[in-house]
Amino acid sequence: SPTLMYSALTCCCLLFCFWISPLISPIYKRSPDMTKSSMTKSEQLLRIEDHDFTMRPAFGGPPIPVGVDVQVESLDTISEVDMDFTMTLYLRHYWKDERLAFPSTNNQSMTFDSRLVKKIWVPDMFFVHSKRSFIHDTTTDNVMLRVYPDGNVLYSLRVTVTAMCNMDLSRFPLDTQTCSLEIESYAYTDDDLMLYWKKGNESLNTDDRISLSQFLIQKFHTTTKLAFYSSTGWYNRLYIHFTLRRHIFFFLLQTYFPATLMVMLSWVSFWIDRRAVPARVPLGITTVLTMSTIITGVNASMPRVSYIKAVDIYLWVSFVFVFLSVIEYAAVNYLSTVQERKERKLRERLPCTCGISNPDEMMVDGQITGYGSIDIDSTGNYGIPENGGRQEQMLAQVALNNPQITGQVKPSRGYVNIWIDTHAIDKYSRVVFPGAYVLFNIIYWSIYS
């Protein structure tokens, strides 16, 4: 019947589909995600769980060689006050650990971050005499571990370290400083770990853009030495030495030139009349106070060392020159006062010169006084000289040689030395002070340059 035929046809179709479906399913089936397929874990490939990585490689055997190379990224600061420097560098270690060897058909290395570093053995390096140091962690820890199929390992990290630098500031600011960064294993002596520069002096590389505001970087170089500790033994220590020469131009502008100008300004008082007290005294006091300010400003930015620096010598000698210019005027003013006091006493004891009958007798011996004659009209003014000390000196000589006066005033040897030419002190100072200061500068710059 038609119903039976339809049912039989339906059953045949179902049987056909059931039989052919395994053959066509790979065509329509979705391909699997290979990234989600199970692969061997790196820790299993390196067999980390099979070894005790708290022990160094080849424990019990010869010391393991660990090569080091450094790339200096920046030399940040040099502090004379704290006696330290700050440096950022890439520190790389090379060694071989056969426990990390793995099979590889293409001989390619595997690179890991800091998470695997905590599970294997790495050299325990530290910076000797460091004050602060840290591994950069932005955006993640700046640590790299690269393992090769034969077990060779490269361990690199980016570090900023602040370390001590014992500076000798006796020639400051005309000095050259040599600082050192020292690298050493903390736990392993030279019996367990042999630390060395991987490529000798070429193991140290620097960025060409490194520069400092106050220093010129002359050179970098490396050395290796043994360090001994009485309790633990001998250790290999690596040194990074760098030599710095200070730029002098800043200190010339800020220290040396102002100090020199203050000294020269103090010499202006030698050309000012000795009776101009309001002009000469403030000038001397101002230069002294300015020199004190310069010295204080320089010492405020320097460590309190117990020895004398080159800049201290220059500033204090300049201060002495300024101070002596004030003392010079004090001496001139004092001698002038003494002279006027003696002249006043002499005028009180001398009669009027109008009674002198013979002016020719007032001629003064040139060998004694240094002058050939005396003007008769000038004898009327005993205490108001017109030409400095010339008439004052001749006045004392007149008092000693006039026969009309000697009867009333007894000749006294003290009257011969009444006059000291205070003008001569200023005249000599105009030459002696600049000459001595120029000589000092020649000696100073020849020694410290």
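Residues numbered from 1 in each chain as written. Predicted model: local features only at pLDDT ≥ 70, side-chain atom pairs only at ≥ 80, totals over all residues. Heavy atoms only, no water.

S.K.: Provide a residue-level description of unusual backbone geometry, including the pertinent values.
M.R.: A cis amide bond, omega 0 degrees, links Thr138 with the succeeding residue Thr139. Backbone torsion omega between Phe172 and Pro173 reads 0 degrees, so that peptide bond is classified as cis. With respect to the helices and strands, the residue Pro173 is situated in the loop between strand S7 (152-164) and strand S8 (176-185). In this structure, Met83 takes a positive phi of about 55 degrees despite not being glycine. Its location among the elements puts Met83 in the loop between strand S1 (64-79) and strand S2 (84-96). For Met83, a relative accessible area of 18% gives the class buried. Phi at His129 is positive, roughly 60 degrees, even though this residue is not glycine. Along the polypeptide, His129 turns up in the loop between strand S4 (125-128) and strand S5 (130-135). Using a relative accessible area of 45% as the deciding quantity, one classes His129 as partly exposed. (Helix = DSSP H or I, 4+ residues; strand = E, 2+ residues; numbered from the N terminus. Buried < 20%, exposed > 50% of the residue type's maximum accessible area, 1.4 Å probe, protein only.)

S.K.: Please provide a residue-by-residue account of the sheet that holds S4, values included.
M.R.: Pairing is antiparallel in the open sheet, where four strands are placed in the order S4-S8-S12-S11. Two strands in the sheet have a free side with no partner beyond their single neighbour: S4 and strand S11 (215-229). If you compare each strand with its neighbour and ignore which way they point, the axes differ by 25 degrees on average. Direction of pairing for S8 relative to strand S12 (residues 233-246): antiparallel, over a ladder of nine bridges. Paired with Ile183 across the two strands is Leu238, which belongs to S12. (Pairing = 2+ DSSP bridges. Axes fitted to C-alpha atoms, helices over the stretch in contact; angles between N-to-C directions.)

S.K.: Please give an account of the state of the cysteines that cites residues and values.
M.R.: Simply put, the disulfide is a covalent bond whose two ends are the sulfur atoms of two cysteines. All told, the structure shown has one disulfide when counted by the stated rule. Through a disulfide, Cys165 is tied to Cys179; the S-S separation comes to 1.9 Å. Across the disulfide from Cys165 to Cys179, rotation about the S-S bond amounts to roughly -75 degrees, and the bridge is consequently left-handed. With a gap of 14 residues between them, Cys165 in the loop between S7 and S8 and Cys179 in strand S8 connect regions that are remote in the sequence. A single burial state applies to Cys165 and to Cys179, both of which are buried. (Disulfide = S-S within 2.5 Å.)

S.K.: So what's going on with the pattern of salt bridges? Residues and values would help.
M.R.: Under the counting rule described, the total for this entry stands at 15 salt bridges. In this structure, Arg275 and Asp273 form a salt bridge, with 3.1 Å as the shortest nitrogen-oxygen distance. We classify Arg275 as exposed; its relative accessible area is 59%. Overall, the relative accessible area of 33% leaves Asp273 in the partly exposed class. Between Glu328 and Arg280 there is a salt bridge; the shortest N-O distance is 3.2 Å. With Glu328 in helix H6 (residues 310-349) and Arg280 in helix H5 (residues 277-300), this residue pair connects regions lying 48 residues apart in the sequence. Considered together, Glu328 and Arg280 belong to a single accessibility category, that of buried residues. (Salt bridge = Lys/Arg side-chain N within 4 Å of Asp/Glu carboxyl O.)

S.K.: Which residues make up the packing of H5 against H6, and what are the values?
M.R.: Interaxial distance between H5 and H6 falls to 10 Å at its minimum, and their mutual angle equals 165 degrees. Overall, the two elements H5 and H6 adopt an arrangement that is roughly antiparallel. The chirality of how H5 crosses H6 is left-handed. Residues of the contact of H5 with H6, tallied by class, amount to 16 nonpolar, five polar and three charged. (Parallel < 35°, antiparallel > 145°, perpendicular 65-115°, else oblique. Left-handed = near helix turned anticlockwise from the far one by under 90°. Nonpolar A, V, L, I, M, F, W, Y, C, P; charged D, E, K, R; others polar.)

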